[in-house]
Amino acid sequence: MFIEPRVGNGREAPHRGWIEVVAGSMFSGKTEELIRRLNRAKIARQRVEIFKPSLDTRYHEHDVVSHNATSIRSTPVQLPEEMLLLASGCDVVGIDEAQFFDASLVDVCNQLANQGTRVIVAGLDMDYTGKPFGPMPALMAVAEFVTKVNAVCVCCGEVAAYSFRIAASEAQVLLGETDSYEARCRPCFQAGMQEKTPVVPRPTARQER
Ligand SMILES: Nc1ncnc2c1ncn2[C@@H]1O[C@H](COP(=O)(O)OP(=O)(O)O)[C@@H](O)[C@H]1O
Ligand SMILES: Cc1cn([C@H]2C[C@H](O)[C@@H](COP(=O)(O)O)O2)c(=O)[nH]c1=O
Ligand SMILES: [Zn+2]
């Protein structure tokens, strides 16, 4: 479990701004962990703002909702820059589904942290092909704290770090849940990807000539 960092060393003015990233596959508990940290900040009477990309309307227009139905009020935004205005005066900013934002999210998070805001970002580290997703790798590089969470493989019960797409689309962005994705461990993900790869017939000796 993530323990909230203490600020300052007692000898100088404490510095409060930093970036935390919660990354992992689908169903790994990223949103639950984000909500847990934000609720604790609220209990500590800190001013909290939560954002999500406006394209993610799967469960609710305004709420961030986990697969386990826990939820928290959020503001959908199209561009990361909108957060700078909307979050002015906040102690803590939470961002869910960060993989859907463009690269400017990294600058925006840095700006917020530099001005003293605690920024907590949750998102998919990899897309359905196993490639790094959107601004997530860059955010993990600049963050002070990175928590990687895993799901349970639906095929074998092992630790699942991959989101395997069972729907037919090859677009990088395809909103969905268990209808379109499965949490899978490395071997089960690889096996599934191999099954998807079309078999190219080997040329016969006659065709090779
Ligand atoms: N394969 C799975 N592995 C782990 N949790 C799962 C799985 N399928 C469904 N869940 C549920 O999803 C919850 C996590 O949801 P959520 O926080 O929304 O994950 P994420 O944001 O990473 O997609 C778990 O507490 C559990 O109830
Ligand atoms: C792997 C993958 C996922 N998506 C979509 C599917 C869901 O709508 C979100 C992830 O939500 P979660 O809170 O992490 O479960 O992302 C996608 O568009 N492309 C992908 O490759
Ligand atoms: Zn498996």
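- Under an unreviewed UniProt entry, the name given to the protein is Thymidine kinase, and the organism recorded is Hymenobacter aerilatus.
- According to its UniProt record, the protein has this under Subunit (unreviewed entry): "Homotetramer."
- Turning to the protein, the UniProt annotation filed under Sequence similarities (unreviewed entry) states: "Belongs to the thymidine kinase family."

1. Comments concerning the site of ligand 2
Here's step 1: Around ligand 2 sit 19 residues, and of these His67, Glu97, Tyr128, Gln172 and Leu174 come closest.
Here's step 2: In isolation ligand 2 exposes 490 Å². Once the protein is present, 99% of that is buried.
Here's step 3: When grouped by side-chain class, the residues that make up the shell around ligand 2 number nine nonpolar, five polar and five charged.

2. Description of the UniProt feature "binding site: ATP" (unreviewed entry) in the protein
Here's step 1: The sites that carry the UniProt feature "binding site: ATP" (unreviewed entry) are, in the present numbering, Gly24, Ser25, Met26, Phe27, Ser28, Gly29, Lys30, Thr31, Asp96, Glu97, Ala98 and Gln99.
Here's step 2: Inspection of the secondary structure puts Ser25 in the loop between strand S1 (18-24) and helix H1 (30-43).
Here's step 3: Its relative accessible area of 1% is what places Ser25 among the buried residues.
Here's step 4: Ser25 has contacts with Lys30, Leu124, Asp125, Val149, Ala151, Ala160, Ala161, Tyr162 and Ser163, leaving out every residue within four places of it along the chain.
Here's step 5: Ignoring any residue separated from it by four or fewer positions in sequence, one finds Gln99 in contact with Gly123, Leu124, Phe133, Gly134, Pro135 and Met136.

3. Some remarks on the coordination of the zinc ion (ligand 3)
Here's step 1: Binding of the zinc ion (ligand 3) to the protein goes through Cys153 (SG), Cys156 (SG), Cys185 (SG) and Cys188 (SG), at separations of 2.3 Å.
Here's step 2: Linear spacing of the donor residues for the zinc ion (ligand 3) on their chain is C-x2-C-x28-C-x2-C. With Cys156 in the loop between strand S9 (151-152) and strand S10 (159-160) and Cys188 in helix H5 (residues 186-196), this residue pair connects regions lying 32 residues apart in the sequence.
Here's step 3: Classification of Cys156 as partly exposed rests on a relative accessible area of 43%.
Here's step 4: What makes Cys188 buried here is its relative accessible area of 16%.

4. Here we look at the environment of Leu84
Here's step 1: Here Leu84 is to be found in helix H2 (residues 82-86).
Here's step 2: Classification of Leu84 by relative accessible area gives partly exposed; the value is 24%.
Here's step 3: Along the sequence, Leu84 and Val108 sit 24 residues apart, while their C-alpha atoms lie 7.0 Å from each other.
Here's step 4: Not counting residues up to four positions away in its chain, the partners in contact with Leu84 are Val108, Gln111 and Leu112.

5. A closer look at the environment of Pro198
Here's step 1: Its location among the elements puts Pro198 in the loop between H5 and helix H6 (205-208).
Here's step 2: In sequence terms Pro198 and Arg186 are 12 residues apart; their C-alpha atoms lie 20 Å from each other.

6. Some points on the environment of Phe133
Here's step 1: Mapped onto the fold, Phe133 is located in the loop between strand S7 (118-124) and helix H4 (136-142).
Here's step 2: You can call Phe133 buried: its relative accessible area is 4%.

Here is what the cut-offs are and how they apply
Residues numbered from 1 in each chain as written. Chains lettered and ligands numbered in written order. Predicted model: local features only at pLDDT ≥ 70, side-chain atom pairs only at ≥ 80, totals over all residues. Heavy atoms only, no water. UniProt positions renumbered as here; feature names shortened; annotations may be inferred. Near = heavy atom within 4 Å. Areas by Shrake-Rupley, 256 points an atom, 1.4 Å probe, with all protein chains shown as cover. Nonpolar A, V, L, I, M, F, W, Y, C, P; charged D, E, K, R; others polar. Helix = DSSP H or I, 4+ residues; strand = E, 2+ residues; numbered from the N terminus. Buried < 20%, exposed > 50% of the residue type's maximum accessible area, 1.4 Å probe, protein only. Contact = heavy atoms within 4.5 Å. Donors = N, O, S within 2.8 Å, 3.2 Å for Na, K, Ca; no water.

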